[in-house]
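# Observations on the three-dimensional arrangement
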Amino acid sequence: MCCSHHTEERSVPLAQPTEKFDMDLIRGMKFFDPHVHMTSRTTDDYQAMADAGIVALIEPSFWLGQPRTGPDSFKDYYSSLVGWERFRSSQFGIKHYCTIGLNSREANNEPLAEQVMEMLPLFIYKDGVVGIGEIGFDDQTAAEEKYYRLQLELAKESGLPVQIHTPHRDKKRGTQRSMDIAIEHGLDPGMVIVDHNNEETVKEVLERGFWAAFTIYPFTKMGNQRMVEITKQYGPERIMVNSAADWGISDPMAVPKTAALMKLNGISLADIELVTYRNAITAFAQSGQINEADFVSVIDQSAKFEGNSILRGGQQPRIDKSSIIIS
Amino acid sequence: MTSASDLITIFSDIIKENIPGDAWNWLYAQKNPANSYDLNLAFGIMPRKTGKTLVQITNQQQELINAAKPGLSINSWAVDRLSRVWLLAQYQADDQNTYFRTIENLFSAAEMNEQVALYSALPLISYPELWLKRCAEGIRSNIGIVLEAIMYHNPYPAENLPEPAWNQMVLKAFFTDKQINNIYGLDSRANTELARILIDYARERHAAGRQINDMLWYLVQKFVTEQQLNNMKQGHFND
């Protein structure tokens, strides 16, 4: 759940000197975006991401902007994360994983939250579900805490990693509290990815042995220049970068752009690979659900069956966007 | 029907040869789930237990499958798909209503590969008349592998779908560039109305300057004169 629903907090800089994103800087590199809400994005985004070298991604279940009024809306949403959206992604050659959970905002609708909790076991064991997420605190209410705790128990029981959303308001305390509660429930910090970090939270998260994820999101979260500094200061260990691109003004190219900026700023290719690819895989592969061999052959093997002339697995044909003609 | 139990036996042999011994022992223990919860769990967790490699079968096994269920082929299946179908084919409930609700529930929460397995199981599960709407719903899907699970080497549509739904499936196969000759029952289910729809479709493709699949003419030829067919192939649709 990210980020721009706090439009009231945001002050948009009027004009900034711009430097063009040079794709040549990252040519040949591959990326893994461990937090991006593709349900809210277009096919143009998928195409651009694939072109920039994003080979796989994780779509956490989140708040869709419009509150859900019944359990079936949740069910259909979870189904679409393992069904339709996964398929859409495969058409662009990007391997799609997801995390399943009850987001903190909607945890505040308790009668509904109860029904969603009952439904979760049906989804968390499904193929390609790499964690429980994104869960945690938004307003830091009692109901949020209750369902956060219940879902931590579910994660423990199922042996799945946890992807924690940390709140916008009172962030530092909310982050500490999220970690304290995870420890209290006996979770191994190595199984927990604390998301949406900033300069204020990163030190403690790393010191306590958790994974620290950073969301590069314009206006309301981290900018990637700050990310470069953080990587220089803390090194690449247990740090990962994501876009959390969603229905707000956000950028699904955040991971490759950040890699490019890191390269320009002298961070080593090995370190860039860790924070924009490898670390996220290491963390979420603890689910047993990520196989890198799938990245290159996202297409179902049956689609390679002899005589099958269609684009692999129903992959989308490219269209020439620069042409005025649409045929 | 003995062919159903024959198929289970053949499938059991194939699965046994394609997965590790402990995975087979686990699977075999799931074959009579006590309730829908156990079925859901076994169905969902299948690839973790069996892996996802392509099934290797002998020619003789393929012949046995053909004999037990004409039209069915598992040639391009992964082993988790076959194992899920094996599980579903043996599932039994106390009554038809419970059976229907349990299977429907699997459909409604299925991820892509689960959907593939569920639609692949249609020719083998009980009460074929109950799944007509479900099959038609699957045909409305735009997910390639789900459509292929229904369309390719699956005898359920030809054996069960009423004519409008059958025609819809064939037309959808053309629309989505599927391999038409993988559809079982094309000859036995060919019909005038389908030919009319396909001619309309061909006319539209022609007008848009798009190619026309040769298999379209194959399905039309029975219902027009040779002269008409040749005219249409050359783009003359006014008869």
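So, here's what we can say about the structure.

Calculation notes
- Residues numbered from 1 in each chain as written.
- Chains lettered and ligands numbered in written order.
- Predicted model: local features only at pLDDT ≥ 70, side-chain atom pairs only at ≥ 80, totals over all residues.
- Heavy atoms only, no water.
- Helix = DSSP H or I, 4+ residues; strand = E, 2+ residues; numbered from the N terminus.
- Buried < 20%, exposed > 50% of the residue type's maximum accessible area, 1.4 Å probe, protein only.
- Contact = heavy atoms within 4.5 Å.
- Areas by Shrake-Rupley, 256 points an atom, 1.4 Å probe, with all protein chains shown as cover.
- Buried area = accessible area lost by both parts, 1.4 Å probe.
- Salt bridge = Lys/Arg side-chain N within 4 Å of Asp/Glu carboxyl O.
- Polar contact = N/O pair within 3.5 Å; in protein donor to acceptor, adjacent residues only side chain to side chain.
- Lys, Arg positive; Asp, Glu negative; His and termini not counted.
- Axes fitted to C-alpha atoms, helices over the stretch in contact; angles between N-to-C directions.
- Parallel < 35°, antiparallel > 145°, perpendicular 65-115°, else oblique.
- Left-handed = near helix turned anticlockwise from the far one by under 90°.
- Nonpolar A, V, L, I, M, F, W, Y, C, P; charged D, E, K, R; others polar.
- Pairing = 2+ DSSP bridges.
- Arc of directions from axis to C-beta.
- Phe/Tyr/Trp six-rings, centres within 6.5 Å; stacked < 30°, edge-to-face > 60°.
- Lys NZ or Arg CZ within 6 Å of the ring centre and 35° of its normal.
- Expected span 1.5 Å × (residues − 1).
- Bend = angle between axes of the 7 residues up to and from the residue.

## Quick look at the overall build of chain A
Scanning chain A from N- to C-terminus turns up 12 helices and eight strands. Expressed as a percentage of the 327 residues in chain A, the buried residues total 57%. For chain A, the share of sequence-separated contacts (at least 6 apart) that also reach a separation of at least 24 residues comes to 77%. Summing over all exposed atoms, chain A offers an accessible surface of approximately 13600 Å²; the carbon and sulfur share of this is 51%.

## Comments concerning the overall build of chain B
Looking only at helices and strands, chain B has 14 helices and zero strands in total. Listed by position from the N terminus, the elements making up chain B come as α-α-α-α-α-α-α-α-α-α-α-α-α-α. Considered along the principal axes of its C-alpha atoms, chain B spans approximately 65 × 40 × 30 Å. Residues counted as buried form 54% of the 239 residues belonging to chain B. Taking contacts inside chain B between residues at least 6 apart in sequence as the whole, the part at least 24 apart equals 70%.

## Let's talk about the interface of chain A and chain B
It is common to report an interface's size as the accessible area lost on association of the parts. Contacts between chain A and chain B engage 23 residues on the former and 27 residues on the latter. When chain A packs against chain B, close to 2300 Å² is buried across both sides, 54% of that on carbon and sulfur atoms. For the pair chain A and chain B, the interface holds three salt bridges. Counting across the chain A and chain B interface gives 10 residue pairs in polar contact (both at pLDDT 80 or more).

## Details of the side chain of Lys172 of chain B
Residues and elements named next belong to chain B. Checked against the element boundaries, Lys172 lands in helix H11 (residues 163–175). Buried and unpaired, Lys172 has no salt bridge, with Glu137 as the nearest side chain of opposite charge at 9.7 Å. For Lys172, the contacting residues outside a window of four places in its chain are Ile139, Arg140, Ser141, Asn142, Leu147 and Met151.

## Details of the packing of helix H9 (residues 144–151) of chain B against H11 of chain B
Residues and elements named next belong to chain B. Here H9 crosses H11 at 135°, and the two axes come no closer than 11 Å. In terms of orientation, H9 and H11 fall into the oblique class. The interaxial crossing formed by H9 with H11 has left-handed handedness. On H11, the residues touching Leu147, Ile150 and Met151 of H9 are Met169, Lys172 and Ala173. Taken together, the residues of the contact of H9 with H11 break down into five nonpolar, no polar and one charged.

## A look at the sheet that holds strand E6 (residues 192–194) of chain A
All names here are of chain A. Strands sit in the order E1-E2-E3-E4-E5-E6-E7-E8 across an open sheet of eight strands; the sheet is parallel. The two strands at the open ends of the sheet, each matched to only one other strand, are strand E1 (31–33) and strand E8 (239–242). Here the strands of the sheet are splayed against their neighbours by 25° on average, with no regard to which way each runs. Bridge count for E1 against strand E2 (residues 54–60) is three bridges, and the pairing is parallel. Within E2, the residue paired with Phe32 across the bridge is Ala56. Docked against the sheet, helix H2 (residues 71–82) engages E2, strand E3 (95–100) and strand E4 (129–136), running at close to 150° with respect to E3.

## Side note on the environment of Phe237 of chain B
Checked against the element boundaries, Phe237 of chain B lands in the segment after helix H14 (226–233). When sequence neighbours within four positions are dropped, the list of residues in contact with Phe237 of chain B reads Ile199, Ala202, Arg203, His206, Trp217 and Met232 of chain B.

## Section: helix H9 (residues 224–234) of chain A
Residues and elements named next belong to chain A. Along H9, the residues that are buried comprise Asn224, Met227, Val228, Ile230 and Thr231. In a view along the axis of H9, the buried residues occupy a sector of 165°, so they form one face of it. With respect to the buried face of H9, the exposed residues turned more than 90 degrees away are Gln225 and Gln233. In this structure, the buried residues of H9 make contact with strand E7 (211–215), E8, helix H10 (254–264) and helix H11 (269–284). A positive backbone phi angle near 80° is found at Gly235, which sits one or two residues after H9.

## Describing the packing of aromatic side chains
One pass over the full model with this rule turns up 20 aromatic pairs over all chains. A ring pair is formed by Phe137 of chain A and Tyr148 of chain A, whose centres lie 5.6 Å apart and whose planes are at 55°; its orientation type is tilted. On the criterion of sequence distance, the pair formed by Phe137 of chain A in the loop between E4 and helix H6 (142–158) and Tyr148 of chain A in helix H6 is long-range, its members being 11 residues apart. Tyr148 of chain A matches Phe137 of chain A in its accessibility class, with the two residues each being buried. Aromatic rings pair up to connect Tyr91, Tyr99, Phe100, Tyr127 and Trp131 of chain B into one cluster. A cation over a ring is seen here: Arg68 of chain A above Tyr77 of chain A, with NZ or CZ 4.6 Å from the ring centre.

## Concerning the environment of Phe74 of chain A
All names here are of chain A. Within the fold, Phe74 resides in helix H2. Linking Phe74 and Arg238, residues 164 residues apart in sequence, is a C-alpha distance of 32 Å. Setting aside chain neighbours within four positions, we find Phe74 in contact with Arg68, Leu102, Asn103, Glu106, Leu112, Val116 and Met119.

## Describing the pattern of salt bridges
Residue and element names in this part refer to chain B. Evaluated as defined, the whole model comprises 32 salt bridges over all chains. For Asp80, the salt bridge identified is with Arg84, shortest N-O distance 3.9 Å. Of this pair, Asp80 and Arg84 are both found in helix H5 (residues 79–90), four residues apart, which corresponds to roughly one turn of the helix. For the residue pair Asp80 and Arg84, the accessibility class agrees, reading buried in each case.

## Quick word on helix H3 (residues 36–50) of chain B
Residue and element names in this part refer to chain B. In a regular helix each residue adds 1.5 Å, so 15 residues correspond to 21 Å; H3 covers 21 Å between its end C-alpha atoms and thus fits that length. Maximal helix bending in H3 amounts to about 45°, located at Gly44; proline Pro47 follows within four positions. Considered for burial, the residues of H3 that qualify are Leu39, Asn40, Ala42, Phe43, Gly44, Ile45, Met46, Pro47 and Thr50. Sitting at the amino-terminal end of H3 is Asn35, which places a side-chain oxygen 3.2 Å from the backbone nitrogen of Tyr37.

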